[in-house]
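Residue-level structure breakdown
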Amino acid sequence: MKIYRQTLPVPAEQIAGIRYILGESADRACFFDIETTGLSPRISSVYLIGAAFLRGDSLEGIQWFADDYSSEKSLLIAFAEALANCSVVIHYNGTTFDIPYLEKKYVEHGLPSPFLSLESLDLYRRVNRQKQRFPTKNRKLVTMEKLLGFDRGQDYSGQECTMLYTDFMQHKFAHRDDEADRLRTCLLSHNAADLQGTALGTELLLYTDPEPCSPSLTLDDQSAIFTAKLPDSLTYPFPLTCETSFAGLDFQDNKFTVTAPLIRDTLYHFFPDYKNYYYLPDEDMAIHKSVGTYVDAAHRKQATASTCYVKKEGTFLALKTAPENAVIFHKKNAPKGACYIEAHSASAEMISFLL
C-alpha cells in the first residue's frame, strides 16, 4: 500500500462556504470516494480510497493506493483509523455504492465497519430530491461540478479506471516504471477530482436545503416576499431562479428570495375533535358543544369530520407544511390538501414552511 497526501485546490472563499453549511461538524467531516475493480465486492476489490478533511482554510486529501494485490485489508484499516475522529462522512451517491461495498469488505476481512457510529450525508440524494431546482440534464457529479465552477477537464469513467489499474499492475510487474507511474498518476488524479468535486458539492445544499438567515417579509396585494441573506462574506456559487408548487425561488449574490402568491377566497378551518362539536346547517359552521347545547336541537346536528369547520373570507398564503400553533385553513373539499394561513398573520420565520 502507498499513501499520497496533497492539498486540494479549493479556493478559500469556497472553503468558507462549505464550513458555513456544515457548521460545527466541519472539522469532523470526511469527504470520501473509492475506486474498485468491479461493482460486486464478492468478485472485485477496492484498490484506492480517497478522503479529504477541512483543515483551517484548506482541504487536505489523503489517498490509500493498493500497488499490489494484497493491500486491500491495509487500505480498509487505514481508512477506518482516519475516520476515528470524524462524526460525518460526506459522499456523492455513496449510499448506493461506496458504503455498502466497503461494509461488505470489512465483513469479508473480519473488521468492524467504521460507518456504524457516523452520520452519512449523501449529496446526490439531497440534489436529486430537489432536481427541479437545477437547470441540468442530469445530476451526475461532473455535471453539478460545472455549475460550481469546477471543470476537471479530461477524465475517465469507472470502467476506464479499472482498465487503467489493470494496465498499471501489468507495467509494474514488468518493471516498466515510467508507464506505471503515468497510469498511477491518472488514477490518483481522477480520485482527487472526485474528492474535490464532492467537497464543492456541499455548496449545493445552499439550494436544496436553504437555512434562511435573518429573514424579512414584505406583503403586497398579490404576493408575500420573503428575503434572507447569507453572511456578507459569502455568496451563492451561481445564480438560480426556479419555481416550486408554492413559491418562486431566487438565489442571487448573497440574497435568497421566496415569492409566494396570495389568494383571495373563502376558506375553512377544520376542528380535529369533531365529536365535541355541533354543525349548524343554517349558518354553515360548527360550534363547540359547550355553546351549541343552547341552540335549538332542530337547528343543530352532530358534526362530522367534513362539517366540523368555520369559514372565513379573506386573503391567504399557501404553505407546504403547517407551522405549529398556527390557525390553518383549507379548501372546503380538501381538508388534507395544501394548508393556508391568513396573510396578515404571516411572519418572516414562515419562509421555511414554503420550501
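Look a little higher up for the structure.
Here the residue numbers are simple positions, counted from 1 along each chain's written sequence. Predicted model: local features are reported for residues with pLDDT of at least 70 only, side-chain atom pairs are reported and counted for 80 or more only, and whole-chain, interface and lining totals are derived from all residues. Only hydrogens and water are set aside; all other atoms, that is, all heavy atoms of the structure, feed into the side-chain values.

1. Considerations on the overall build of the protein chain
Rule in force here: Strands here mean DSSP runs of E at least two residues long; helices mean DSSP runs of H or I at least four residues long; both are numbered from the N terminus. A simple rule labels every residue: compare its accessible area, found with a 1.4 Å probe on the protein chains alone, to the largest value its type can have, and call it buried under 20%, exposed over 50%, or partly exposed in between. Any pair of residues with heavy atoms lying within 4.5 Å of one another is described as a contacting pair. Residue-level accessible areas treat just the shown protein chains as cover; the underlying method is Shrake-Rupley with a 1.4 Å probe. The positive count covers Lys and Arg only, the negative count covers Asp and Glu only, and His and the chain ends enter neither. Charge positions come from single atoms, namely NZ of Lys, CZ of Arg, CG of Asp or CD of Glu.
Counting its regular elements, the protein chain contains nine helices and 16 strands. The principal-axis extent of the C-alpha atoms belonging to the protein chain is close to 100 × 45 × 35 Å. Looking at the protein chain residue by residue over its 355 residues, the buried ones come to 48%. Partitioning the intrachain contacts of the protein chain with sequence separation of at least 6 by distance along the chain shows that 68% fall at a separation of at least 24. With the model as given, the accessible surface of the protein chain reaches about 18000 Å², and the carbon-plus-sulfur share is 50%. Charge centroids of the protein chain, computed over 36 positive and 45 negative side chains, lie 6 Å from each other.

2. Brief notes about the packing of helix H6 (residues 158-173) against helix H7 (residues 177-201)
Convention followed: Geometry is summarised by axes, namely lines fitted to C-alpha atoms with helices restricted to the contacting stretch, and by angles between N-to-C directions that run from 0 to 180 degrees. Comment on the angle field: the value is read as roughly parallel under 35 degrees, roughly antiparallel over 145, roughly perpendicular from 65 to 115, and oblique elsewhere. The sense of a crossing depends on the near helix, which, turned anticlockwise from the far helix by less than a right angle, makes the crossing left-handed and, turned clockwise, makes it right-handed. Side-chain classes are defined by residue name, with Ala, Val, Leu, Ile, Met, Phe, Trp, Tyr, Cys and Pro counting as nonpolar, Asp, Glu, Lys and Arg as charged, and the others, Gly among them, as polar.
Following both chains from N to C, one finds H6 and H7 inclined at 150 degrees, their axes separated by 8 Å at the closest point. With respect to H7, the axis of H6 lies roughly antiparallel. As for the relative orientation of H6 and H7, their crossing is left-handed in sense. Residues Cys-161, Leu-164, Tyr-165, Asp-167, Phe-168, His-171 and Lys-172 of H6 pack against Glu-179, Ala-180, Leu-183, Arg-184, Cys-186, Leu-187 and His-190 of H7. Here the contact of H6 with H7 is composed, by residue class, of eight nonpolar, two polar and four charged.

3. So, the pattern of salt bridges
Spelled out, the test is: Here, a salt bridge means any side-chain nitrogen of Lys or Arg that lies within 4 Å of a carboxyl oxygen of Asp or Glu.
Within this structure, the stated rule accounts for 13 salt bridges. In this structure, the salt-bridge partner of Asp-27 is Arg-19, at a minimum N-O distance of 2.8 Å. Of the charged contacts, one joins Asp-284 and Lys-311 as a salt bridge, the two residues approaching to 3.2 Å between their closest N and O atoms. On the criterion of sequence distance, the pair formed by Asp-284 in the loop between strand S12 (277-280) and strand S13 (285-288) and Lys-311 in strand S15 (residues 309-319) is long-range, its members being 27 residues apart. Look at Lys-311 and you get partly exposed, because its relative accessible area is 42%. Several salt bridges share partner residues, and in doing so they unite Glu-145, Arg-152, Asp-155 and Asp-194 into one network.

4. Regarding the sheet that holds strand S3 (residues 46-55)
Just so we agree on the cut-off: In this scheme, strands are said to pair when DSSP sees at least two bridges between them.
Taking strand neighbours across the sheet as the criterion, the six strands line up as S1-S4-S3-S2-S5-S6 in an open arrangement whose pairing is mixed. Where the open sheet ends on each side, the last strands, each with one partner, are strand S1 (2-8) and strand S6 (119-122). Strand-to-strand twist across the sheet, computed as the mean angle between neighbouring axes with direction ignored, equals 25 degrees. Relative to the sheet, helix H1 (residues 12-22) contacts strand S2 (29-36), S3, strand S4 (58-65), strand S5 (88-91) and S6, its axis offset from that of S3 by approximately 90 degrees. Lying on the sheet, H6 is in contact with S2, S3 and S4; it crosses S3 at an angle near 110 degrees.

5. Observations regarding the packing of helix H2 (residues 72-82) against helix H3 (residues 98-108)
Following both chains from N to C, one finds H2 and H3 inclined at 115 degrees, their axes separated by 10 Å at the closest point. Taken together, the axis directions place H2 and H3 in an arrangement best described as roughly perpendicular. For the crossing formed where H2 meets H3, the hand is left-handed. Residue-level contacts link Glu-72, Leu-76, Phe-79 and Ala-80 of H2 to Leu-102, Lys-105, Tyr-106 and Glu-108 of H3. Among the residues forming the contact of H2 with H3, the class breakdown is five nonpolar, no polar and three charged.

6. Description of H2
It helps to recall that an α-helix has 3.6 residues per turn; residues three or four apart then point in one direction. Applicable threshold: Within this analysis, the arc is defined by the directions that extend from the helix axis to the C-beta atoms.
Among the residues making up H2, those that are buried are Glu-72, Leu-75, Leu-76, Ala-78 and Phe-79. Viewed end-on, H2 has its buried residues packed into an arc of 165 degrees, placing them on one side of the element. Packing partners of the buried residues in H2 comprise S2, S3, S4 and H3.

7. Digging into H3
The set of residues buried in H3 consists of Asp-98, Ile-99, Tyr-101, Leu-102, Lys-105 and Tyr-106. Down the axis of H3, the smallest arc covering the buried residues is 160 degrees, so these residues share one side. Exposed and facing more than 90 degrees away from the buried side of H3 are Lys-104 and Val-107. Along its buried surface, H3 packs onto S2, S3, H2, S5 and S6. Among the residues trailing H3, Gly-110 stands out with phi positive, at a value near 70 degrees.

8. Remarks on the pairing of strand S10 (residues 248-252)
Note that strand S9 (residues 240-243) and S10 share four bridges and pair antiparallel. Counted as the bridge partner of Glu-243 is Gly-248 from S10. The antiparallel pairing of S9 with S10 creates a hairpin that spans four residues between the two strands. In this sheet, strand S11 (residues 255-270) lies alongside S10 in antiparallel orientation, the contact comprising five bridges. Each bridged residue has a counterpart across the sheet, and for Gln-252 the counterpart in S11 is Lys-255. Following S10, the chain reverses through two residues before pairing antiparallel with S11; Asp-253 in that reversal takes a positive phi of roughly 55 degrees.

9. Quick word on the packing of aromatic side chains
Threshold: Ring pairs shown here join Phe, Tyr and Trp side chains whose ring centres sit within 6.5 Å, with only the six-membered ring taken for Trp; geometry is labelled stacked below 30 degrees between planes, edge-to-face above 60, and tilted in between. Only lysine NZ and arginine CZ atoms are considered, and such an atom sits over a ring when it is within 6 Å of the ring centre and within 35 degrees of the ring normal.
Taken as a whole and assessed by the stated rule, the structure comprises 23 aromatic pairs. Both rings, one in Tyr-268 and one in Tyr-309, keep their centres 4.9 Å apart while their planes meet at 85 degrees; by these two values the pair is edge-to-face. Taken together, the residues Tyr-268 in strand S11 and Tyr-309 in strand S15 connect sequence positions 41 residues apart. Per residue, the accessibility class of Tyr-268 equals that of Tyr-309, and both read buried. Grouping aromatic residues by their ring pairs yields a cluster made of Phe-134, Tyr-207, Tyr-236, Phe-238, Phe-251 and Phe-256. Positioned above the aromatic ring of Phe-173 is the side chain of Lys-172, whose terminal nitrogen or guanidinium carbon lies 5.0 Å from the ring centre. We note Arg-300 situated over the ring of Tyr-278; from NZ or CZ to the ring centre the distance is 4.4 Å.

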